[in-house]
Amino acid sequence: EEVKQYISRIQELASTLSGLDVFMSFANVAEKYRFVKPDFNNSREISIIEGRHPVVEKMLNKQHYVPNDCVLTNDQNMLLITGPNMSGKSTYMRQVALTIVMAQIGSYVPAESANLPIVDQIFTRIGAADDLVSGQSTFMVEMLESQYAITHATERSLLLFDEIGRGTSTYDGMALAQSMIEYIHENIGANTL
């Protein structure tokens, strides 16, 4: 009964301690894995120099993760990433998104340097499976996810599209991908990988 009188103070203390715990964890991870403090800009420009995917890097353990750059400017804010299967395209896209999310929640980031915009939303179309219960093929799931991203994105968004047009003919898939790229470039202006 006596403790009940202090419930609000105890809850406030617990909330403050949990916040400190988060920031202490951020600091420990940043020091241990050589993360850096990101800078923020008021434009839409993304500059990640020698970025790393923190989860993949940790899983590799003693193997070396090869760092890479991502630079998107106001004039060139779209990258078309190509390469063979298992070459790291999806990992690269996820790495960029993860770096931005980490920065915006107050964490240091796995890179040599990072200058980032404030992103309002991140939309992904990475990996798809059919939804048999709803009667939707892999292709339909992919198209619905893409349509949602395109209709809700702003110029302050980050769009990640991986393998658009799978489950259809090569030329239909290419036509879909090209039309989406053109629409995003001409009408939305969002940073896009």
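See the structure shown above.
Presented here is an overview of the structure given in this document. Just so it is clear, the model here is predicted, and its values are computed rather than measured.

## Focus: the pairing of strand 2 (residues 46-51)
At step 1: Where strand 2 meets strand 3 (residues 68-72), four bridges bridge the pair, whose relative direction is antiparallel. Each bridged residue has a counterpart across the sheet, and for I46 the counterpart in strand 3 is L72.
At step 2: Judged from the three bridges that link them, strand 2 and strand 4 (residues 113-117) form a sheet pairing that is antiparallel. Each residue of the ladder has a partner; that of I48, found in strand 4, is A114.

## Considerations on the pairing of strand 4
At step 1: Two strands pair when backbone bridges link them, and strand 1 (residues 39-41) and strand 4 are joined in this way by three bridges, in the parallel orientation. Looking at the pairing, D39 lines up with N115 of strand 4.

## Comments concerning the nonpolar core
At step 1: Residues I46, C70, V96, L158 and L193 are the most contacted members of the largest nonpolar core, which totals 23 residues.
At step 2: It is helix 3 (residues 89-104) that contributes the most residues to this core, seven residues altogether.
At step 3: Residues contacting L158, with those up to four places away along its chain left out, are I46, V96, A97, I100, V119, Q121, I122, F123 and N191.

## Describing the environment of N187
At step 1: Topologically, N187 is positioned in helix 5 (residues 170-188).
At step 2: Through-space distance from the C-alpha of N187 to that of E155 is 9.0 Å; in sequence the pair is 32 residues apart.

## Describing the side chain of S157
At step 1: Looking at the secondary structure, you find S157 in the loop between helix 4 (138-152) and strand 6 (158-161).
At step 2: A polar contact is formed between the side chain of S157 and the side chain of D120, at a distance of 2.8 Å.
At step 3: Looking at S157, its side chain comes within polar contact range of the main-chain nitrogen of T154, at 2.9 Å.
At step 4: Among all residues touching S157, those that are not within four sequence positions of it are V119, D120, Q121, F123, A190 and N191.

## Side note on the sheet that holds strand 4
At step 1: Read from one edge to the other, the open sheet built from four strands follows the order 1-4-2-3, with strand pairing classed as mixed. Where the open sheet ends on each side, the last strands, each with one partner, are strand 1 and strand 3. Taking each pair of neighbouring strands and ignoring which way they run, the sheet shows an average axis angle of 20 degrees.
At step 2: On the sheet, helix 3 packs against strand 1, strand 2, strand 3 and strand 4 and is oriented at approximately 75 degrees with respect to strand 3.

Thresholds, definitions, all that
Residues numbered from 1 in each chain as written. Predicted model: local features only at pLDDT ≥ 70, side-chain atom pairs only at ≥ 80, totals over all residues. Heavy atoms only, no water. Pairing = 2+ DSSP bridges. Helix = DSSP H or I, 4+ residues; strand = E, 2+ residues; numbered from the N terminus. Core = buried A, V, L, I, M, F, W, Y, C linked by side-chain atoms within 4.5 Å. Buried < 20%, exposed > 50% of the residue type's maximum accessible area, 1.4 Å probe, protein only. Contact = heavy atoms within 4.5 Å. Polar contact = N/O pair within 3.5 Å; in protein donor to acceptor, adjacent residues only side chain to side chain. Axes fitted to C-alpha atoms, helices over the stretch in contact; angles between N-to-C directions.

That's the geometry; what it means functionally is another story.
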